[in-house]
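Chains, contacts and geometry: an overview
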Amino acid sequence: DGTDFGGAEYELDAANGDTSVKLSANAGGVTAVEATQNFSSGDATISVNPRYNLDAEEADVVVNYDAGDTNVELTASAAAQSVVITHQTGDTNIEVNASADEQSLTISQQLDDSNRIAPTIASSGDISVEWERALGDDNSLTATVKPNEAVDLEWKDADWTANINLPIDGTSVTGANVSIKRDVSF
């Protein structure tokens, strides 16, 4: 009595072994459906995840190959295709992200127990550098510099996260955007 469920959204997940199905719906009907099938191939795991969004009438498939230190994720639809390849070797992580529109390379290096640096270069000529400083107890401060674009800071302190975005033009800061959030578990 007095409750309107017209804006309610629902998700139904079902799994059986290496196969799972997810159905998303709202009061107007089903909005999206996807399935995932996992396979073992030697020391690697392969997953195939076809997805269909009924609202947008868009379909794609995500194929993931995970062999421990190396992971390849291919996403393909009729409109676009992309691939993300990551490889971990020691304290270095290499990521190649490629689509028809842009490609990027990120090399992340763990310098010591508290510091990690990750420069990224894109085919468009964009360059960014990320520095992460561990503060203990899973707390961290991450600074990302994108020349002539922005300096972004993210401070994680337990359940709190503060994000500061400083747009830059040359050497001038043109404003500041600050957001603070807290994760709450019920």
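Before reading on, note that the structure itself is shown above.
All of these numbers come straight from a predicted model, not from anything done at the bench.

This brings us to the pairing of strand 10 (residues 115–122). Each regular strand carries side chains that alternate between the two faces of the sheet. Both strand 9 (residues 103–110) and strand 10 contribute to a ladder of five bridges, which runs antiparallel. Paired with Thr 106 across the strands is Thr 120, a residue of strand 10. The turn joining strand 9 and strand 10, which pair antiparallel and follow one another in sequence, is formed by four residues. Note: strand 10 against strand 11 (residues 127–136), seven bridges, orientation antiparallel. In the strand pairing of strand 11, Thr 120 is matched with Ser 128. Between strand 10 and strand 11, which follow one another and run antiparallel, lie four residues, and Gly 125 among them has a positive phi close to 100 degrees.

Time to look at the side chain of Asn 115. If you trace the backbone, Asn 115 turns up in strand 10. Since its relative accessible area comes to 11%, Asn 115 is described here as buried.

With that settled, consider the pattern of salt bridges. Any two side chains of opposite charge can pair, on the condition that their charged atoms come close. Under the counting rule described, the total for this entry stands at six salt bridges. Between Lys 22 and Glu 11 there is a salt bridge whose closest N-O contact spans 3.6 Å. Here Glu 11 lies in strand 1 (residues 9–16) and Lys 22 lies in strand 2 (residues 19–26), a separation of eleven residues in the sequence. Judged by relative accessible area, Lys 22 falls into the partly exposed class, the value being 27%. For Glu 11, a relative accessible area of 55% corresponds to the exposed category. Of the charged contacts, one joins Arg 116 and Glu 130 as a salt bridge, the two residues approaching to 2.4 Å between their closest N and O atoms. Of this pair, Arg 116 sits in strand 10 while Glu 130 is found in strand 11, placing the two residues 14 residues apart along the sequence. The class for Glu 130 is partly exposed, based on a relative accessible area of 24%. Residues participating in the shared-partner salt-bridge network are Arg 116, Glu 130 and Glu 132.

What counts, and where the lines are drawn
- Residues numbered from 1 in each chain as written.
- Predicted model: local features only at pLDDT ≥ 70, side-chain atom pairs only at ≥ 80, totals over all residues.
- Heavy atoms only, no water.
- Pairing = 2+ DSSP bridges.
- Helix = DSSP H or I, 4+ residues; strand = E, 2+ residues; numbered from the N terminus.
- Buried < 20%, exposed > 50% of the residue type's maximum accessible area, 1.4 Å probe, protein only.
- Salt bridge = Lys/Arg side-chain N within 4 Å of Asp/Glu carboxyl O.

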